[in-house]
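# Notes for the structure review
Chain residues, written in single-letter form:
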Amino acid sequence: MSGEITIEPWSQIQGEDAGIFSVEIVNPEKLNAMTRKMWRQLKAIFEDIQKNHMARCIVVQSHGGNFCAGGDIAEYPAFRFDPDSLAAFHEEDVWGGLNAMLSCDVPIVASIAGVCMGAGVEIASCCDVRWVSENASFGAPIAKLGFPMAPKELHLVASAVGAHTAKRMLLEAAVFSAQDMAATGWCAQPLPALRLHERVEGVARRIASLSPQAARLNKQAMRSLSLNEAVPAPYAYAASAEHCEGVTAFIQKRSANF
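Conventions and cut-offs
- Residues numbered from 1 in each chain as written.
- Predicted model: local features only at pLDDT ≥ 70, side-chain atom pairs only at ≥ 80, totals over all residues.
- Heavy atoms only, no water.
- Pairing = 2+ DSSP bridges.
- Helix = DSSP H or I, 4+ residues; strand = E, 2+ residues; numbered from the N terminus.
- Axes fitted to C-alpha atoms, helices over the stretch in contact; angles between N-to-C directions.
- Salt bridge = Lys/Arg side-chain N within 4 Å of Asp/Glu carboxyl O.
- Buried < 20%, exposed > 50% of the residue type's maximum accessible area, 1.4 Å probe, protein only.

To continue, consider the sheet that holds strand β2 (residues 20-26). Taking strand neighbours across the sheet as the criterion, the five strands line up as β1-β2-β3-β4-β6 in an open arrangement whose pairing is mixed. At either margin of the open sheet sits one strand with a lone partner, and together these are β1 (4-9) and β6 (129-132). Sheet twist, expressed as the mean angle between neighbouring strand axes with direction ignored, is 20°. As paired elements, β2 and strand β3 (residues 57-62) share six bridges and run parallel to each other. Bridge assignment links Ser-22 to a residue of β3, and that residue is Val-59.

What follows is the structure, encoded as structure tokens:
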């Protein structure tokens, strides 16, 4: 099915229930470019995951060998040439999807192969951990199309990849290799394409085996600190079951049951 964002529990994919969900970008005929409908689906999916207390990890990946080539340019004439409709696209559709990812307390792992441009870089920048294949390429060459990156999206990307890399993406229309991006610290060391899935699966299982409460609280704290805000009630977890179980299990020299 083209032009969709899909979600599947890992149990339906791997035969077990580990609290892991796979969110997949599916528009292979256009290198998984994002449509307006797909941005809205992304928002709805991550808002639902945020409310799912059984969720422990999310893997964001794509269908057909390319992560995401950007936005679906075929849609652009319908709204890009009017300031109000253009603002609605970026502030409601695009930022709605990205902000739902950023606001999600469940750890997000990106699995990136092939082309990752524009919207793909934005989506990947919302993920907590990024694993990439050696054949992946990254950029935001929208200057070739005559428009800038929207302000909120630019802040997101520059904060993630660094100001210099973001400026090169936008001002030079520079395209970076997986090794280039790893050197900035944006992603883990690139892997051969055939090993990417195995590594991402292992990372997702590792995250899912750890305390989901700790993961959610860590993400909440990092969001607060990035906004220069005080972390709300940072020690309220003291008497929680997961905290007691984790410490007790360590003392008893056994694996914690989270």
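What follows concerns the pattern of salt bridges. Per the stated rule, a full pass over the model turns up twelve salt bridges. With its nearest N and O atoms 3.1 Å apart, the salt bridge here joins Lys-30 to Asp-72. In this pair, Lys-30 sits in the loop between β2 and α2 (36-51) while Asp-72 sits in the loop between β3 and α3 (83-102), placing the two residues 42 residues apart along the sequence. Judged by relative accessible area, Lys-30 falls into the partly exposed class, the value being 38%. Classification of Asp-72 as buried rests on a relative accessible area of 7%. Members of the salt-bridge network, linked through shared partners, are Arg-36, Arg-40 and Asp-93.

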